[in-house]
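# Reading the structure
The residues making up each chain are set out below.
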Amino acid sequence: MPPQNTQPKYRQIAEYLREGILNGTYPAGQPLPSEETLAKQFGVTRPTVRQGLTELRASGLVDVIMGRGTFARSPQTRPSHTRPRGIRRTPDGGYVEADGIRWANAEPPVATRTDAPLALADLLRIPPGEPMFTYDALQTADNGRLRQLHRTYVPFSVLIDTKYEEEAPPPAPELYATLSDLGHELHFTEYIRTRMPLPDQAQSLRLPEGVPLLHIIRVTLTATEKPLALEEFHLPGDDLELAFRL
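The sections below set out a description of the structure shown in this document. (Residues numbered from 1 in each chain as written. Predicted model: local features only at pLDDT ≥ 70, side-chain atom pairs only at ≥ 80, totals over all residues. Heavy atoms only, no water.)

A few words now on the side chain of Arg73. Position of Arg73 relative to the elements: it lies in the loop between strand 2 (69-72) and strand 3 (81-85). We classify Arg73 as buried; its relative accessible area is 7%. (Helix = DSSP H or I, 4+ residues; strand = E, 2+ residues; numbered from the N terminus. Buried < 20%, exposed > 50% of the residue type's maximum accessible area, 1.4 Å probe, protein only.)

Bringing helix 2 (residues 35-42) into the picture now. Within helix 2, burial applies to Leu38, Ala39 and Phe42. All buried residues of helix 2 lie within an arc of 105 degrees about the axis, which places them on one face of the element. Those residues of helix 2 that are buried lie in contact with helix 1 (9-22) and helix 3 (46-58). Once helix 2 finishes, Gly43 follows within two positions and takes phi at roughly 65 degrees, a positive value. (Arc of directions from axis to C-beta. Contact = heavy atoms within 4.5 Å.)

Here helix 3 is 13 residues long and its end C-alpha atoms lie 18 Å apart, about the 18 Å a rise of 1.5 Å per residue gives. Inspection of helix 3 places Thr48, Val49, Gly52, Leu53, Thr54 and Leu56 among the buried residues, and these make up the whole buried set. Taken together, the buried residues of helix 3 touch helix 1, helix 2, strand 1 (62-65) and strand 2. Of the residues one or two after helix 3, Gly60 is the one with positive phi, at around 80 degrees. (Expected span 1.5 Å × (residues − 1).)

When you line up the elements, Phe71 lands in strand 2. Considered as a pair, Phe71 and Gly29 are 42 residues apart in the sequence and their alpha carbons are 5.7 Å apart. In this view, Phe71 contacts Gly29, Gln30, Pro31, Leu32, Leu61, Val62, Asp63 and Ile65; residues no more than four positions away in its chain are not counted.

Next comes the structure, spelled out in C-alpha cells:
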C-alpha cells in the first residue's frame, strides 16, 4: 500500500497542478481545471482550492485572469515586467531611475522624524536610535497597474553644517542632486531579498494572498564609501524580474 499523503489538501492540489504544468499536461497558456472541478476531485471546498492556486501563483507557475480563470505558465516564461535597476545622470545634473518609469506619488511625501533601527543603522554606519528624516510614498505608474512602496531615510548627522540642519531635504530621487550639490560624488549599492508582505503592504500593493514581495534596499554612498542615505522599495514579486547592467 503506498504511503498516505499527509500534506494539507491545498498543498496536494498545488503539487498535482505543478507536476502537470512541468510535465506538459497543462501547456503554457492553457486553462487549468476549474475550482469546482478541483474541489470535487480532492473532496475539498473552493477556498482550499484557491489556497493551492495561490501557492502556484507565488511560484510564477500560473496566471489568474479575472473572469476567465487560471492559466498555466511555463517555468521559462518571462515575467510581464522587467525593471532595469540603477541610476542615470541626466545632462542637467539630475538623477533618474534606469527603468525610465514615470512614477507618481499617491500623496505628496511628508518628512517625519524617526529613530534609526538597528538593521538600518548598521547599513548607514550610524548609532542605533540616531534621528533621521523619513519619507513614505505609495507610487503608481501605467494608470495604476504598476505600484511600489518607496521610503527614504536621511540621517541628521549627514546634514550637519548644511542648510538642511534647519529644513528637511527632499526625498529621493531629488535627494541625489541635493547631496551632489553639497559636494558629494555619489554611487549606490542595492540589496535585494524576498519576503511575505505585511497586511498593510499587501493592501497597498494589491497583492493576492500568498504572493511575496521584492524588498530592495538602496544605500547612497560617497566616493569614500560613507553612507549618506538609504531607501527601501517594496515591489510585487509575482510577475516581475529585475535587470542589472554589469
